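Summary of structural features
Below are the chains, spelled out letter by letter.
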Amino acid sequence: MNILVTGACGFIGSHLVEELVRKGHKVKAFTYYNSRGSRGWLDNIDKRIIKEVNIISGDIRDNEFVNNNSKKIEVIFHLAALIGIPYSYHAPKSYLDTNVIGTYNVLNSSKMNNISKTIITSTSEVYGTAKSVPIFEEHSLNAQSPYAASKISADQLALSFYRSYNLPVTIIRPFNTFGPRQSTRAIIPTIITQILKNKKKIKLGNLSPTRDFTFVEDTVNGFIKTLKSNKINGQTINIGNNFEISIKDITKIMQKDFGYDFEIILDPKRVRKKNSEVFRLLASNKKAKKILNWKPKYTGVKGFKLGLKKTIEWFKGQKNLKDYISNSYSI
Ligand SMILES: NC(=O)c1ccc[n+]([C@@H]2O[C@H](COP(=O)([O-])OP(=O)(O)OC[C@H]3O[C@@H](n4cnc5c(N)ncnc54)[C@H](O)[C@@H]3O)[C@@H](O)[C@H]2O)c1
């Protein structure tokens, strides 16, 4: 299939591009233009894979650019976004421009170019702190950060295109994803990189919130499953493990299972404001199992530890680990 992936230079997008090429698809990868000519994580993937990919650099906020590059495409996976919650406190309008207008540009291009499947990437942050668990797709939406608000807006716009124009749109809603290539703004890389730099005291924020972590291989598989399903138009589908763990318990696994010795220092800069903190996320993945036939491989505490091991190994292999800055202050 002819597939366009936006956000291909990022963490999940780069893994998705690799897997689509391995499966024999023709992939066009949107990367975010910069004057250094960097193609983000695509610069690090297997040369045999990258030579199969048509890489286009640009900006998702540019309607004409998105539209011109969506011609002769069958499926769009839209992952480009601004994703850091702390940064969304400082620069909320840029989140509207990228996440809402960027998604509008994708939807509009899909409509103009008769794209047969448009997959929009949401986030579990749209639910806010769980009111009931597990969180089904019908759970209320509650934006506790400008990031979450921008993603809710983008999701609603996508659904409106399905309802108003019959555009074949699907919302994939990943819960926290982790694995190789994730930036240190996220909690697991923040913990790992501080420890690997031989820090005996690591700085973290609130330790009590729980998250439902999915290993990136499983998340990517969830996206890929949409290619084969014909029951997904207008649907919103959680991709999560149905397993929750607190940040405190992750640090205990690092100590007990992986043998790292460290103390935790509470860094007030990394604590989200009380009303903005999402205290609990635990996914129902019944719908993904039923309509996508998706089954995560890294399940429960055992699967989480296996994913963590692979992530630690990957960070250990990074020659430039000293450049990884662990200044993230959210989950
Ligand atoms: N990582 C997670 O835990 C997680 C969880 C739920 C949802 N998501 C969603 O998954 C998607 C991918 O997230 P990720 O973790 O890979 O993040 P990422 O930051 O690694 O990837 C996002 C990519 O979008 C690109 N981008 C940003 N602004 C752009 C613009 N104006 N034009 C073109 N490209 C632009 C960035 O350069 C980046 O490579 C996002 O939509 C995010 O909201 C991620």
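Bear in mind that the values here come from a model prediction, so they are computed numbers and not experimental data. (Residues numbered from 1 in each chain as written. Predicted model: local features only at pLDDT ≥ 70, side-chain atom pairs only at ≥ 80, totals over all residues. Heavy atoms only, no water.)

Moving on to helix 6 (residues 146-165). The end-to-end C-alpha separation of helix 6 is 28 Å, in line with the 28 Å expected for 20 residues at 1.5 Å each. Considered for burial, the residues of helix 6 that qualify are Tyr147, Ala148, Ser150, Lys151, Ile152, Ala154, Asp155, Ala158, Leu159 and Phe161. Of the surrounding secondary structure, the elements contacted by the buried residues of helix 6 are helix 4 (85-90), helix 5 (92-112), strand 5 (117-121), strand 6 (169-174) and strand 11 (236-239). In the segment just after helix 6, Asn166 is the residue with positive phi, at about 60°. (Helix = DSSP H or I, 4+ residues; strand = E, 2+ residues; numbered from the N terminus. Expected span 1.5 Å × (residues − 1). Buried < 20%, exposed > 50% of the residue type's maximum accessible area, 1.4 Å probe, protein only. Contact = heavy atoms within 4.5 Å.)

Often, the extent of an interface is quoted as the loss of accessible area on bringing the components together. Parsing the chain into structural domains produces domain 1 (2-177 + 214-239) and domain 2 (179-211 + 245-279 + 300-323). Once you take the C-alpha centre of each, domain 1 and domain 2 turn out to be 25 Å apart. Listed by partner, the interface residues are 20 residues for domain 1 and 16 residues for domain 2. Of the roughly 1500 Å² buried where domain 1 meets domain 2, counting both sides, 53% is carbon and sulfur surface. Considering only the surface of domain 1 that becomes buried against domain 2, Trp41, Gln144 and Phe215 emerge as the three largest contributors, covering 32% of it. Run the count over domain 1 and domain 2 and you get four salt bridges. A salt bridge links Arg181 to Glu18; the shortest N-O distance between them is 3.0 Å. Our count for the domain 1 to domain 2 interface comes out at 13 residue pairs in polar contact (both at pLDDT 80 or more). At the level of elements, helix 1 (11-22), helix 4 and helix 8 (216-225) are the ones that each hand at least two residues to the side of domain 1 that touches domain 2. Residue contributions to the side of domain 1 that touches domain 2 peak at four residues, all from helix 1. Here the side of domain 1 that touches domain 2 is built from residues that sort into eight nonpolar, nine polar and three charged. (Domains from an automatic or database assignment. Buried area = accessible area lost by both parts, 1.4 Å probe. Salt bridge = Lys/Arg side-chain N within 4 Å of Asp/Glu carboxyl O. Polar contact = N/O pair within 3.5 Å; in protein donor to acceptor, adjacent residues only side chain to side chain. Nonpolar A, V, L, I, M, F, W, Y, C, P; charged D, E, K, R; others polar.)

Another aspect to go through is the pattern of salt bridges. The tally for this structure, following the rule as stated, stands at 21 salt bridges. A salt bridge links Arg211 to Glu125; the nearest nitrogen and oxygen atoms lie 3.8 Å apart. Taken together, the residues Arg211 in strand 9 (residues 210-211) and Glu125 in the loop between strand 5 and helix 6 connect sequence positions 86 residues apart. The class for Arg211 is buried, based on a relative accessible area of 0%.

Glancing now at the site of the ligand. Residues in close proximity to the ligand total 25 residues, the closest being Phe11, Ile12, Tyr147, Lys151 and Thr177. At a separation of 3.1 Å, an oxygen atom of the ligand approaches a polar backbone atom of Gly10. Contact between the ligand and Ile60: a nitrogen atom at 2.9 Å from a main-chain N or O atom of the residue. For the shell around the ligand, the secondary structure elements donating two or more residues are helix 1 and helix 6. Split into classes, the residues belonging to the shell around the ligand amount to twelve nonpolar, nine polar and four charged. (Near = heavy atom within 4 Å.)

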